[in-house]
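What follows is the residue order along each chain.
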Amino acid sequence: MGKTDFAEAYTEKMFPEVASPAGRIDPEFEDIFDNFAYDEVITEEGKNVPAKDRFMAILAALIGSQAIDEYALMMPAALNFGVTPDEVKEIVYQGVPYLGIGRVRPFIKRTNKIFDYSGLSVEEPARNTVRPETRLEKGIEAQVEIFGEGMREFYKSGPEESRHINLWLARNCFGDYYTRTGLTLAQRELITFCFLMAQGGCESQLEAHVIGNLRLGHSKQYLINVVSQCVPYIGYPRCLNALTCINRGNAQFEAHK
């Protein structure tokens, strides 16, 4: 088959100092994959997103699907397309409340190794903005900005025996992570959408974060385009599930405008 001119040029832009990042251990497969992922997916009319958004989504989807080898391949490419080291670190950190430390720790270690090998470092080592006494307040503010006023008292809701989880959600997930610098709130909602899509089995949460993305200015078509960019990395089934969640979330969003 051979690689298309566009795929060849895009590969060179992603990996300018590497003749063949995958090692050409299976050239026939690599031509098939590269022609799809690095040409067709990107050039499909009306289905693209800005390159930086694409790579942020890809990194989050790879973390969500536990694809650490592919993450190690694509992380340097993301840096070559404008994702900063601080943003990479925040993408990885943001994964912890949605995937758990057991799934994210290997990506923290691999990210640090790649930075060390490449001589890169973050510009803002301390990106935390809350104190112990402000975590809950700031977390609630983030929840309200993303999901609306109905979230202001959410941390108090639910059965008494499990209400602490909703408190932790406000104080830890949103208070500790969403309030950090390095990514905007809209970027955090985008990568959270990608974590949940790639992880699978989180459709109710995915629908909720579709609404969060829509409230923060990401259109339905934009989210569809993000899913489209992730197809080569997480496969069709989870992407098709995500499209269903986009349609359901968008319907709820439109009904409550």
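As a convention, each chain's residues are numbered from 1 in the sequence order in which they are written. Per-residue local features are limited, in this predicted model, to residues with pLDDT of at least 70; the limit for side-chain atom pairs, both in listing and counting, is 80 or more; totals at the level of whole chains, interfaces and linings are taken over all residues. Excluding hydrogens and water, the side-chain figures rest on all heavy atoms present in the structure.

Draft legend 1. Structural context of the side chain of R180. Positionally, R180 belongs in the loop between α8 (163-178) and α9 (185-199). Buried, partly exposed and exposed residues are distinguished by accessible area as a fraction of the type maximum, computed with a 1.4 Å probe on protein chains only: under 20%, between the cut-offs, and over 50%, respectively. Classification of R180 by relative accessible area gives buried; the value is 13%. Not counting the four nearest positions on each side in its chain, R180 is found in contact with E90, Y93, R127, N128, T129 and R188. Runs of H or I in DSSP of at least four residues are treated as helices and runs of E of at least two as strands, each being numbered from the N terminus. By definition in these notes, contact holds between two residues if any of their heavy atoms fall within 4.5 Å.

Draft legend 2. Structural context of empty space enclosed by the protein. Here a cavity is any set of points on a 1 Å grid over the protein atoms alone where a 1.4 Å probe fits but cannot get out, and a pocket is any open set with protein on both sides within 12 Å along at least 5 of 7 lines; a residue lines the site when it has an atom within 4 Å of a point. Grid points are joined across faces, edges and corners, and a volume is the space filled by probe spheres set on the points. In this structure the tally under the stated criterion is one cavity of 30 Å³ or more. The computed volume of the largest cavity comes to approximately 50 Å³. Lining the largest cavity are Y10, M14, A37, Y38, V41, I42, R54, F55, I58, M74, Q229 and Y233. If you list the elements that add at least two residues to the lining of the largest cavity, you get α1 (5-14), α2 (27-43), α3 (51-64) and α11 (220-234). Among the elements that line the lining of the largest cavity, the one with the most residues is α2, at four residues. Residue polarity is assigned by list, with Asp, Glu, Lys and Arg as charged and Ala, Val, Leu, Ile, Met, Phe, Trp, Tyr, Cys and Pro as nonpolar; anything else, Gly included, falls into the polar class. Class assignment of the residues belonging to the lining of the largest cavity gives a composition of ten nonpolar, one polar and one charged.

Draft legend 3. Structural context of the packing of helix α7 (residues 135-147) against α8. Axis separation between α7 and α8 bottoms out at 7 Å; the angle between their running directions is 85°. Put simply, α7 runs roughly perpendicular to α8. Together, R135, L136, G139, I140, A142, Q143, I146 and F147 of α7 and L167, L169, A170, R171, N172, F174, G175, D176 and Y178 of α8 make up the contact between the two elements. Each axis is a line fitted through C-alpha atoms, and for a helix only the stretch in contact is used; angles between axes span 0 to 180 degrees, taken between their N-to-C directions. The scheme is simple: roughly parallel for angles under 35 degrees, roughly antiparallel for over 145, roughly perpendicular for 65 to 115, oblique for anything else.

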